[in-house]
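Commentary on secondary and tertiary structure
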Number of protein chains: 2
Amino acid sequence: MGPMPDPKRDTYHHGDLRHAIILSALEILDADGVDAVSIRAVARRAGVSHSAPANHFRDRGALLTALAVHLFHALNEKIESDFASAPSNLRERVQSFTRMLIDFGLKQPNRYRLLWRRDLLDDTDGQLQTEMDTLYDRLADEIHRVGVGKRFDRDTYAVALWSMVHGYVSLRLDGNLESRIDPRSGTKRQDAIIEAFLDAFAT
Amino acid sequence: MGPMPDPKRDTYHHGDLRHAIILSALEILDADGVDAVSIRAVARRAGVSHSAPANHFRDRGALLTALAVHLFHALNEKIESDFASAPSNLRERVQSFTRMLIDFGLKQPNRYRLLWRRDLLDDTDGQLQTEMDTLYDRLADEIHRVGVGKRFDRDTYAVALWSMVHGYVSLRLDGNLESRIDPRSGTKRQDAIIEAFLDAFAT
DNA sequence: TTGTCAATATGGACACTGTCTATTTACAAC
DNA sequence: GTTGTAAATAGACAGTGTCCATATTGACAA
């Protein structure tokens with residue numbers, strides 16, 4: 001009804017509000033966590049009315065899902081580009097992969113956490129599924145290439161590694177675990193558990 | 001102001017509202033997940049005014065923390081009692097322990113999830129810390145008794161197992177993983193990853 | 001140039017929520 | 001009995017997601 005109350009904009013239509021909203025949401029996510037990412041807060045930061053986002057996102061879930069897709073995509077691209085200059089050693093490739101995931105989680109807690117908050121995201125979103133599958137397939141591929149034991153199915157080893165990585169990051173982010181150097185090997189604990197895993201499972 | 005609007009109660013004071021609130025909260029948690037556990041919803045179910053719980057719980061975080069303590073305590077007690085009739089074989093003890101944790105998580109998703117929602121709980125609560133430590137110490141104790149490799153610190157193996165268990169349950173609950181039988185060994189996947197872990201790390 | 005229509009943006013409204021406040025009730029200790 | 005305290009009450013406030021009617025814009029057809 002009222003004409004353009006926002007000083008930062010001289011046109012009624014924003015132009016690329018969808019993108020602007022995602023960026024605003026990301027800033028709020030980084031700063032104050034996912035709980036602070038409300039539609040109204042994002043709209044305020046983007047300088048639009050509280051109901052403008054509804055034109056681009058059905059509800060809060062759709063907004064968070066789009067944000068998650070954005071983050072997954074960036075992560076997958078980074079992994080892909082880092083692997084372009086591929087490490088030679090297959091074990092090092094796995095270590096490199098898991099280190100990327102763990103570092104991402106530890107350095108960007110709010111981003112990492114959002115990626116797995118299925119309760120907040122839209123399970124039926126195709127893009128989200130695609131990005132998640134891409135990440136998982138990459139992990140499974142690397143662990144399979146390095147070779148695993150014969151007692152169990154190949155997927156079992158992939159699931160075991162995936163579980164360990166995700167569980168470790170989750171426990172660290174929740175404050176249930178401290179950053180430590182493994183006193184016997186002198187390596188970081190997050191590297192040690194992966195190394196121990198490879199020691200054990202890799203052929 | 002108004003005198004006793006609740007038909008289910010004939011005394012102004014409830015008697016043991018604190019306990020009743022925790023039970024109501026648990027029912028709502030089981031039925032609709034933690035998001036549905038609002039102070040007002042719990043109060044409604046307990047048949048008291050929306051602000052009655054404030055006399056027993058500072059805020060929603062305190063309520064959820066008390067609920068988590070309740071659940072942790074019950075879990076720890078069950079584990080302790082199950083271990084009274086202790087399995088003889090040390091490896092079986094570990095398998096028994098992790099199976100209890102994993103089964104608990106898979107059968108009571110909302111309860112399990114709450115236990116690790118540090119963002120919703122009060123980190124500074126002493127009881128909560130105690131219960132969590134009890135659980136972790138039990139796990140670490142069992143994995144240490146079974147014996148682990150020598151390349152890394154003992155805690156590294158405990159953290160690795162803990163991470164794997166927690167990660168597996170988390171992934172399953174989030175729908176990122178399906179219940180499967182390991183086709184090579186014929187055992188459940190959740191048993192297979194633990195068995196593989198023990199194969200590898202245990203001396 | 002004009003008209004129409006869909007997309008986009010606006011603000012008001014509603015039912016929730018957590019939390020704060022003042023007030024009432026009940027009980028226990030003096 | 002009086003008094004004090006714990007435990008309950010209703011009311012209020014700001015914030016939320018979401019729905020709704022309305023206003024604005026730009027593009028495309030006539």
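Model, not experiment: these values are computed from the prediction.

1. Observations regarding the layout of surface pockets
Looking at the largest pocket, its volume works out to about 870 Å³. As for the largest pocket, its lining consists of 33 residues, of which Trp-116, Arg-117 and Asp-119 of chain A together with Arg-117 and Asp-119 of chain B are closest to the centre. Counting only elements with at least two residues in the lining of the largest pocket, the list comes to helix H1 (17-32), helix H5 (109-115) and helix H7 (154-173) of chain A together with helix H5 (109-115) and helix H7 (154-173) of chain B.

2. Structural notes on the relation of the copies chain B and chain A
By a simple turn and slide, chain B fits onto chain A: the slide is 0.0 Å along the axis, the RMSD is 0.1 Å, and the turn is 180 degrees. Taken together, the turn and the small shift mark the pair as related by a two-fold rotation axis. Take the interface residues of chain B: 100% of them recur as interface residues in chain A, which is what a same-surface contact looks like.

3. Notes on the interface of chain B and chain A
Chain B puts 41 residues into the contact, and the matching count from chain A is 42 residues. For the pair chain B and chain A, the two sides together bury roughly 3,600 Å², of which 60% comes from carbon and sulfur. Broken down residue by residue, the surface that chain B buries against chain A is led by Arg-151, Phe-152 and Arg-184 of chain B, which jointly contribute 16%. Where chain B meets chain A, there are six salt bridges. Among the salt bridges present, the one from Asp-199 of chain A reaches Arg-151 of chain B, with a minimum N-O distance of 2.4 Å. In this structure, the connection of chain B to chain A is made through 16 residue pairs in polar contact (both at pLDDT 80 or more). No other element matches H7 of chain B, which puts 13 residues into the side of chain B that touches chain A.

4. Here's the deal with the environment of Glu-92 of chain B
All names here are of chain B. Its place among the elements puts Glu-92 in helix H4 (residues 90-107). For Glu-92, a relative accessible area of 46% corresponds to the partly exposed category. Glu-92 sits 50 residues away from Glu-142 along the chain, and the two C-alpha atoms are 10 Å apart.

5. What about the side chain of Gln-190 of chain B?
Along the chain, Gln-190 of chain B falls in helix H8 (residues 189-201). If sequence neighbours within four positions are ignored, Gln-190 of chain B has contacts with Ile-102, Leu-106, Tyr-168 and Arg-172 of chain B.

6. Some remarks on the nonpolar core
In this structure, Leu-114, Leu-135 and Phe-197 of chain A together with Leu-114, Leu-135 and Phe-197 of chain B are the most contacted members of the largest nonpolar core, which totals 141 residues. If near-sequence neighbours (up to four positions away) are discounted, Leu-114 of chain A is found in contact with Leu-29, Val-34, Leu-64, Leu-67, Ala-68, Leu-71 and Leu-121 of chain A.

7. Things to note about the domain arrangement of chain A
All names here are of chain A. Segmenting chain A into domains produces domain 1 (1-57) and domain 2 (60-201). Summarising the inter-unit geometry, the C-alpha centres of domain 1 and domain 2 are found 32 Å apart. Contacts between the two partners involve 16 residues from domain 1 and, on the opposite side, 14 residues from domain 2. Buried surface at the junction of domain 1 and domain 2, both sides included, amounts to about 1,300 Å², of which 72% is carbon and sulfur. It is Leu-29, Val-34 and Phe-57 that lose the most area in domain 1 upon contact with domain 2, and together they represent 36% of the buried surface on that side.

8. Some points on the pattern of salt bridges
If you walk through the whole model with that rule in mind, you get 36 salt bridges over all chains. The partner of Arg-138 of chain A in a salt bridge is Glu-142 of chain A, and the shortest N-O contact between them spans 3.8 Å. Here the residue Arg-138 of chain A and the residue Glu-142 of chain A both occupy positions in helix H6 (residues 126-146), the gap between them amounting to four residues, near one helical turn. Note on accessibility: Arg-138 of chain A and Glu-142 of chain A belong to one class, buried. Residue Asp-153 of chain B is joined to Arg-189 of chain A by a salt bridge in which the shortest nitrogen-to-oxygen separation is 3.3 Å. Linking Asp-153 of chain B in the loop between helix H6 (126-146) and H7 with Arg-189 of chain A in helix H8 (residues 189-201), this pair reaches from one chain into another. Neither residue differs from the other here; Asp-153 of chain B and Arg-189 of chain A are each classed as buried. Here the residues in one salt-bridge network are Glu-80, Arg-93, Arg-138, Asp-141 and Glu-142 of chain A, joined through shared partners.

9. Some remarks on the packing of aromatic side chains
Counted according to the given criterion, the structure contains 14 aromatic pairs over all chains. With 5.5 Å between their ring centres and 85 degrees between their planes, Phe-72 of chain B and Trp-116 of chain B make a pair best called edge-to-face. You can see Phe-72 of chain B sitting in helix H3 (residues 60-84) and its partner Trp-116 of chain B sitting in the loop between H5 and H6, a full 44 residues away along the chain. On the accessibility criterion, Phe-72 of chain B (0% relative accessible area) is buried. Note on Phe-152 of chain B and Tyr-157 of chain B: the rings are 6.4 Å apart at their centroids and 65 degrees apart in plane angle, and the pair reads as edge-to-face. The burial state of Phe-152 of chain B is the same as that of Tyr-157 of chain B; both residues are buried. Taken together, the ring pairs in this structure connect Phe-72, Phe-104, Tyr-112, Trp-116, Tyr-136 and Trp-162 of chain A into an aromatic cluster. The ring of Phe-83 of chain A has Arg-138 of chain A lying over it, and the distance from NZ or CZ to the ring centre is 5.2 Å.

How each quantity is defined
Residues numbered from 1 in each chain as written. Chains lettered and ligands numbered in written order. Predicted model: local features only at pLDDT ≥ 70, side-chain atom pairs only at ≥ 80, totals over all residues. Heavy atoms only, no water. 1 Å grid on protein atoms, 1.4 Å probe; cavity = no way out; pocket = protein on both sides within 12 Å on 5 of 7 lines; lining within 4 Å. Points joined across faces, edges and corners; volume = space filled by probe spheres on them. Helix = DSSP H or I, 4+ residues; strand = E, 2+ residues; numbered from the N terminus. Least-squares fit on C-alpha atoms with pLDDT ≥ 70 in both. Contact = heavy atoms within 4.5 Å. Buried area = accessible area lost by both parts, 1.4 Å probe. Salt bridge = Lys/Arg side-chain N within 4 Å of Asp/Glu carboxyl O. Polar contact = N/O pair within 3.5 Å; in protein donor to acceptor, adjacent residues only side chain to side chain. Buried < 20%, exposed > 50% of the residue type's maximum accessible area, 1.4 Å probe, protein only. Core = buried A, V, L, I, M, F, W, Y, C linked by side-chain atoms within 4.5 Å. Domains from an automatic or database assignment. Phe/Tyr/Trp six-rings, centres within 6.5 Å; stacked < 30°, edge-to-face > 60°. Lys NZ or Arg CZ within 6 Å of the ring centre and 35° of its normal.

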